[in-house]
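# Observations on chain architecture
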Amino acid sequence: MRIGLGKDLHALVPGRRLVLGGVTIPSDRGEKGHSDGDVLIHAVADAILGALGMDDIGHIWPDTDPRLEGMDSAVIAKEAGKLAEGRIQNIDTIITLEHPKLEGYRGAIRDNLASLLGIPASKINIKAKTAEGFGPVGRGEAIEAEAIVLLDD
């Protein structure tokens, strides 16, 4: 088995969509980023790439490439799923965000992410936490996601 760990953090700003796992969540602020800023897909893709012993998403899809500006992170998820070649056994994630609450969206996020990766939704766990008012995430200035993936070797 191979294990990979991924993490991403983006500022939250007005005028942007909040996108998690390819699902748009109603919010007055969204992720600031070169792409759509989907911290969950970025963390999951980095975890998959790490388990495969590859470079992180910043090397493959650099934020310095103007052709990638505004890119839909679903492209990253689909490519990561292809690279894993059906070897994904489990993905466990944590999204840390003060507002909005994600309880009503976790199932849709899991199902969409599974579809993008080409795996059963039963292999993905989505957890949502708050930062209890601490740091930029706790002040509502940022959002963070972490992911760990287990692949067959």
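Residues numbered from 1 in each chain as written. Predicted model: local features only at pLDDT ≥ 70, side-chain atom pairs only at ≥ 80, totals over all residues. Heavy atoms only, no water.

## Examining the sheet that holds strand β4 (residues 29–31)
- With mixed pairing, the 5 strands of this open sheet are ordered in space as β4-β1-β7-β5-β6. Because the sheet does not close on itself, it has two edges, and the strands there are β4 and β6 (124–129). Put simply, the sheet's adjacent strands are angled 20° from each other on average, direction ignored.
- One ladder, built from 3 bridges, connects strand β1 (residues 2–14) with β4; its direction is antiparallel. Opposite leucine 12, over in β4, you have glutamate 31 as the bridge partner.
- Of the strands in this sheet, β1, β4, β5 (88–96), β6 and β7 (142–151) touch helix α1 (residues 39–51), which is tilted by about 155° from β1.
- Helix-sheet contacts for helix α4 (residues 106–117) involve β5 and β6, and the interaxial angle to β6 is about 140°. (Pairing = 2+ DSSP bridges. Helix = DSSP H or I, 4+ residues; strand = E, 2+ residues; numbered from the N terminus. Axes fitted to C-alpha atoms, helices over the stretch in contact; angles between N-to-C directions. Contact = heavy atoms within 4.5 Å.)

## Points about the pattern of salt bridges
- The final tally for this structure, using the stated rule, is 7 salt bridges.
- Between aspartate 92 and lysine 127 there is a salt bridge whose closest N-O contact spans 2.7 Å. Of this pair, aspartate 92 sits in strand β5 while lysine 127 sits in strand β6; the two residues are 35 residues apart in sequence, bridging distant segments of the chain.
- Put simply, arginine 139 and glutamate 141 hold a salt bridge, and the shortest N to O gap is 3.1 Å.
- The partly exposed category is assigned to glutamate 141, whose relative accessible area is 38%. (Salt bridge = Lys/Arg side-chain N within 4 Å of Asp/Glu carboxyl O. Buried < 20%, exposed > 50% of the residue type's maximum accessible area, 1.4 Å probe, protein only.)

## Re the nonpolar core
- By size, the foremost hydrophobic cluster in this structure holds 43 residues, and its most contacted members are Leu20, Leu40, Ile48 and Leu117.
- Secondary structure elements with two or more residues in this core: β2 (18–20), β3 (23–25), α1, α3 (74–84), β5, α4, β6 and β7.
- If near-sequence neighbours (up to four positions away) are discounted, leucine 117 is found in contact with Val44, Ile48, Ala77, Gly81, Ile91 and Ile124. (Core = buried A, V, L, I, M, F, W, Y, C linked by side-chain atoms within 4.5 Å.)

## Looking at the pairing of β5
- Pairing of β5 with β7, which is carried by 8 bridges, proceeds in the antiparallel orientation. Looking at β7, one finds that isoleucine 95 is bridged to alanine 145.
- The handedness of the β5 to β6 crossover, carried by α4, is right-handed. (Right-handed = clockwise from strand over helix to strand, strands pointing away.)

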